[in-house]
Amino acid sequence: MITAAAQGNGFLSPTGVEIAFVLVGLATLGAAAVTVTTKQLVHAALWLVVALGGVAVEYLLLTAEFIAWVQVLIYLGSVVVLLLFGLMLTKAPIGRSPDADSGNRPVALGVALVAAAALVWVVVDAFRTTWIDLDGPAQGSTKVSGEILFRHWVLPFEALSVLLLAALIGAIVLSRKDTPDAAKATAAPAADAPAADKKGQR
């Protein structure tokens, strides 16, 4: 539903909030691009923090304050911290990592463009000419968000929970995986122990 305050708005007469929304969106897009193009894993994680923080600011500008704080608490406070712990546990290199590029950039770019086109089409089809009154009361309240989430989005919510659990288990498995050098280093003292015992008996 188009509000009375938003009927006079248009693309040729943007407000200050709309201009800030576009600028923050461009900064978020740039941070996301650096995240997937840099060859330093730690820098990629830090740029991911900037991208997710930009998304939280976008939610604030859309008066969805509860969703913005959930974005900060869950993604910035949990997912990114879990990612950094995974990098530390797997002893990822701090500097440039040539192995970070798998050579599938054209495929990844194609998938990203298709996903972006699908997302834009869904948003345009859902809102069309509807304008959100950014000067009005907050739209993303806890009650409304909870009703929509647990009434219409229960299955995707549970699927996301399983995905995060799988990521956590994968990080644990990777951190406990022994490298060949480490296996040889641990096997060498065990092999030398019988020889030492024989020398002691002599």
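About the criteria used
For every chain, the first residue of its written sequence is number 1, and the numbers climb from 1 along that sequence. Predicted model: local features are reported for residues with pLDDT of at least 70 only, side-chain atom pairs are reported and counted for 80 or more only, and whole-chain, interface and lining totals are derived from all residues. Just so you know, side-chain values use all the structure's heavy atoms and leave hydrogens and water out. pLDDT: the predictor's confidence for each residue, scored from 0 to 100. Only DSSP runs of H or I with at least four residues qualify as helices, and only runs of E with at least two residues qualify as strands; both kinds are numbered from the N terminus onward. Should any heavy atoms of two residues lie within 4.5 Å, those residues are counted as being in contact. Only the contacting stretch of a helix is used when fitting its axis, a line to C-alpha atoms as for every element, and angles between N-to-C directions run 0 to 180 degrees. Each angle is binned into one of four classes, with values under 35 degrees roughly parallel, values over 145 roughly antiparallel, values of 65 to 115 roughly perpendicular, and all other values oblique. Helix crossings get a hand from a simple test, with the near helix turned counterclockwise from the far one by less than a right angle marking a left-handed crossing and a clockwise turn marking a right-handed one. All amino acids are sorted into three groups, where Ala, Val, Leu, Ile, Met, Phe, Trp, Tyr, Cys and Pro are nonpolar, Asp, Glu, Lys and Arg are charged, and the leftover types, Gly among them, are polar.

How should the confidence of the model for the protein be read in this particular structure?
Regions with low pLDDT carry predicted coordinates that are not meant to be interpreted in detail. For the protein, the mean per-residue pLDDT works out to 74, and 68% of the residues sit at or above 70. When mean pLDDT is compared element by element in the protein, helix α1 (residues 16-37) scores highest at 89, while helix α7 (residues 180-201) scores lowest at 53. Every residue in residues 1-6 is under pLDDT 50, and counting partners more than four places away or in other chains gives eight contacts.

How should the packing of α1 against helix α2 (residues 41-61) be read in this particular structure?
Packed helices, taken two at a time, are described by the angle between their axes plus the distance between the axes. Their axes nearest at 8 Å, the elements α1 and α2 cross at an angle of 160°. Considered as vectors, α1 and α2 are oriented roughly antiparallel to each other. The hand of the α1/α2 crossing is left-handed. Listed contacts from α2 to Val17, Ala20, Phe21, Val24, Gly25, Thr28, Ala31, Ala32, Val34 and Thr35 of α1 are Ala44, Trp47, Leu48, Val50, Ala51, Gly54, Val55, Val57, Glu58 and Leu61. Grouping the amino acids of the contact of α1 with α2 by side-chain chemistry returns 15 nonpolar, four polar and one charged.

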